[in-house]
Amino acid sequence: MTLPISSLANMEFMLYGGASGNMNCPSYINGYKAGNLSSYYNPYMYSMANQNLWNANQAQNINQGISQNTNTGSNSNTTGTKGSNIDILADYYAKNLEPSESLASAVIMGGVSGALMMNPRYIAHPINSFKGLKDVKEMFKSVKVDGSDLNKLWKENPTVMQDAYFRMHKAASRANSKLGLFRKSYDRDTEYKELKKIMQEALDSKDIQKIAEASKKLENAYISNGHIPSLWNKIRGKKVATVAEKLADNTGIKEGAKALIKKNSMSYLSRFKHSLGGRMAILFAGIEMLMNIGKIKTAFQHDKENPNGEKLGMKQLGQTTVKAVGNTLGWAAGEAAGIWAATKLGASIGTAFGPGVGTVIGGVAGLIGGSIGMWLAGKATKALVGEDVANKVEAKKLAQSPEGKAQLLTLVAEKAQKNEDVPQNVMFAAQNVAATLS
């Protein structure tokens, strides 16, 4: 530590009996920045008032040893960690490298954020999406009329009817003006008119097979013919298919319609198997492995540097693998449960609150269920394999240098400033380390 900082540390000892645990007082821990001025003028009294921070008597005994400090304070606010001051800080840092996610966050991220990521048009063209509701609302208005043809169809085949509503809304939204970077607007007098006719005739037929086929035709016609894909295809010497050409191509339409209808009666186990091999489950397993490559490298590097020490490389690899498998199983189980429940409830939701509400709920149910399932699986795998061993390796490395120790102290300071519940023995250790850095 440089002389000026050492002098400041000595000044803290003279003023407070040690490094001030009061985050509103200028100190090493908070970077010598004053917080609440009313507390700054009387740091001694403020420290006595805050049970998460140092009190003056404890601060005066800073050099009497870590054992006395860790035994001070309420029993409900300690971690039980034994060892030196820096060991306590390192352990606290390692445990906080993986902040826990709340159930509410999982639901929001999985439902709202997931749906928006899968359907970016709602973000890119919110006005068009709103305008598209007019035509589709008119076509499906009798769904809420008890005993009507569409009401019966929705109750008997909610999955197919939700898909029909969704495809028609996408088409209606795209019939409005847009820049067309990725997809050009449908020509309202020709392309959109034909798409609307296909869906309207299918609905009028009251034949669920024809409605499912109409959905698949609209899906097939939703081509990427904007300026960017057109330019790319031109460079490659390929031609972009037109809407009319895609509508004329009936390849796979009937098969796709049958598969869509079959989803209405799928059991939970069938949906689980389908989700298990789905893109999202595999994606999250891959993300878990990718996000932990650095930790795996850190653990194996530790083994290389400590040939006679505990082998952590394979242990970290095992922890990451278990978590990746847990993500896959958790997502698949949750997604299947969400879709299964939405199918069971979809009939009553759509006919009671309207096809739009029913379609939205049906669309996000799998995402929300998958996110909750993965959240629960994360809790289970963490309890099974424990904290990542690489976190402890990283924390111990930080504890070996003044710069690293400052980083450990910064975490404690940030949490204290946010009024988070920092264990007293951690605050004691932080105060001791801050006072002895020289």
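Note that the structure is predicted; figures quoted are calculated from it, not measured. (Residues numbered from 1 in each chain as written. Predicted model: local features only at pLDDT ≥ 70, side-chain atom pairs only at ≥ 80, totals over all residues. Heavy atoms only, no water.)

1. Section: the nonpolar core
Spelled out, the test is: Joining through side-chain atoms within 4.5 Å is the link that ties buried Ala, Val, Leu, Ile, Met, Phe, Trp, Tyr and Cys residues into a set, and such a set is a nonpolar core. Think of it in three bands: residues with accessible area under 20% of the maximum for their type are buried, residues over 50% are exposed, and the middle band is partly exposed, with areas taken using a 1.4 Å probe on protein chains only. Numbered from the N terminus, helices here are DSSP runs of H or I no shorter than four residues, and strands are runs of E no shorter than two. Residue contacts follow a heavy-atom distance rule, with two residues in contact if any of their heavy atoms lie within 4.5 Å.
The biggest cluster of nonpolar side chains holds 35 residues, and the ones touching the most others in it are F140, M161, M168, M199, L203 and I211. Tallying contributions element by element places helix α12 (residues 158-174) first for this core, with seven residues. Sequence-distant contacts of M199, that is, excluding residues within four places in its chain, are made with M139, A164, M168, A214, S215 and L218.

2. Digging into the side chain of K323
Looking at the element boundaries, K323 is found in helix α21 (residues 313-353). Those residues in contact with K323, other than ones at most four positions away along the chain, are E98, E288, T381, V385 and D388.

3. Topic: helix α11 (residues 149-156)
The condition that has to hold: For this quantity, the arc is that covered by the directions from the helix axis to the C-beta atoms.
For α11, the set of buried residues is L150, N151, L153 and W154. Projected onto a plane normal to the axis of α11, the buried residues spread over an arc of 165 degrees and lie on a single side. Those residues of α11 that are buried lie in contact with α10 (133-139), α12, α13 (191-205), α14 (208-221), α21 and α22 (355-385).

4. Topic: a nonpolar patch on the surface
Worth spelling out the cut-off: Residues forming no salt bridge and having over 30% relative accessible area are the ones grouped into patches, like charges within 9 Å of each other and nonpolar side chains (Val, Leu, Ile, Met, Phe, Trp, Tyr) within 5 Å. Areas reported as accessible are Shrake-Rupley estimates using a 1.4 Å probe. Residue values count occlusion only from the protein chains shown. Any carboxyl oxygen of Asp or Glu that lies within 4 Å of a side-chain nitrogen of Lys or Arg is treated as forming a salt bridge with it.
Residues I108, V112, L116, Y122 and I123 make up a contiguous nonpolar surface patch of about 440 Å² in total accessible area. Breaking the nonpolar patch down by element, the ones donating at least two residues are α7 (103-118) and α8 (121-124). Considering every element that reaches the nonpolar patch, the biggest residue donor is α7, with three residues. Locating V112 in the fold gives a position in helix α7.

5. Details of the packing of helix α19 (residues 279-291) against α21
Note the cut-off: Here the axes come from fitting lines to C-alpha atoms, over the contacting stretch only for helices, and the angles between their N-to-C directions go from 0 to 180 degrees. Here the word oblique covers every angle except those under 35 degrees (roughly parallel), over 145 (roughly antiparallel) and from 65 to 115 (roughly perpendicular). Throughout, a crossing is termed right-handed when the near helix is turned clockwise from the far one, and left-handed when it is turned anticlockwise from it by less than a right angle. Polar here means any residue outside two lists: the nonpolar Ala, Val, Leu, Ile, Met, Phe, Trp, Tyr, Cys and Pro, and the charged Asp, Glu, Lys and Arg; Gly therefore counts as polar.
Relative to each other, α19 and α21 sit at 160 degrees, their axes nearing to 8 Å. One element, α19, and the other, α21, form an angle in the roughly antiparallel class. Relative to α21, α19 is oriented so that their crossing is right-handed. Touching M280, A281, F284, A285, E288 and M289 of α19 are T320, T321, K323, A324, N327, T328 and W331, all from α21. Per-class residue counts for the contact of α19 with α21 are seven nonpolar, four polar and two charged.

6. Re the pattern of salt bridges
Taken as a whole and assessed by the stated rule, the structure comprises 14 salt bridges. Put simply, D388 and K323 hold a salt bridge, and the shortest N to O gap is 2.9 Å. With D388 in the loop between α22 and α23 (389-398) and K323 in helix α21, this pair connects stretches of sequence that are 65 residues apart. The buried category is assigned to D388, whose relative accessible area is 1%. Under the relative-accessibility criterion, K323 is labelled buried at 8%. For K415, the salt bridge goes to E420, with nearest N and O atoms at 3.0 Å. The class of K415 is buried, set by a relative accessible area of 16%. With a relative accessible area of 33%, E420 lands in the partly exposed category.

7. Describing the confidence of the model for the protein chain
Defined as follows: pLDDT runs from 0 to 100 and stands for how confident the predictor is about each residue.
Mean pLDDT over the protein chain: 80, with 79% of residues reaching 70 or higher. Across residues 1-21 the pLDDT falls below 50, and counting only partners more than four positions away or on other chains, this stretch makes 41 contacts in the model.

8. Let's talk about the packing of α12 against α13
At their nearest, the axes of α12 and α13 sit 10 Å apart, and the two run at 160 degrees to each other. One finds that α12 runs roughly antiparallel with respect to α13. In this structure, α12 crosses over α13, and the sense of that crossing is left-handed. Contacts between α12 and α13 pair M161, A164, M168, A171 and A172 from the former with Y192, L195, K196, M199 and L203 from the latter. Taken together, the residues that form the contact of α12 with α13 break down as nine nonpolar, no polar and one charged.

9. Some remarks on the environment of L384
Note on placement: L384 falls in helix α22. Given a relative accessible area of 66%, L384 falls into the exposed group. Taking C-alpha positions, L384 is 9.5 Å from K323, a pair spaced 61 residues apart along the chain.

10. Focus: the environment of T381
So the rule is basically this: Within 3.5 Å is the distance limit for a polar contact, defined as a pair of N or O atoms, with the added protein rule that one can donate a hydrogen and the other accept it, and that residues adjacent in sequence qualify only through two side-chain atoms.
Looking at the secondary structure, you find T381 in helix α22. The class of T381 is buried, set by a relative accessible area of 9%. Counting along the chain gives 58 residues from T381 to K323, while the straight-line C-alpha distance between them is 5.8 Å. In this structure, T381 is in contact with V322, K323, G326 and G386, ignoring residues within four places of it in sequence. A distance of 3.1 Å separates a polar side-chain atom of T381 from the backbone oxygen of G378.

11. Here we look at the packing of aromatic side chains
Two descriptors summarise a pair of aromatic rings, namely the distance from one centre to the other and the angle between the planes of the rings. What counts, and what does not: To pair, rings of Phe, Tyr and Trp, with the six-membered ring standing in for Trp, must have centres within 6.5 Å; the planes then decide the type, stacked if under 30 degrees apart, edge-to-face if over 60, and tilted in the middle. Only Lys NZ and Arg CZ are tested; either one counts as a charge over a ring when it is within 6 Å of the ring centre and within 35 degrees of the ring normal.
In total, this model carries four aromatic pairs according to the counting rule given. Measuring from ring centre to ring centre gives 6.5 Å for Y268 and F272, while their planes differ by 25 degrees; the resulting arrangement is stacked. Residue Y268 and its partner F272 are both found in helix α18 (residues 268-276); the two are separated by four residues, about one turn of the helix. Arranged with centres 4.9 Å apart and planes meeting at 45 degrees, the rings of F284 and W331 form a pair that is tilted. Placement of the pair is F284 in helix α19 and W331 in helix α21, with a sequence separation of 47 residues. Given the relative accessible area of 19%, F284 is considered buried. Lying across the ring of Y186, R174 places its NZ or CZ 4.5 Å from the centre. Positioned above the aromatic ring of Y222, the side-chain terminus of R174 is 4.8 Å from the ring centre.

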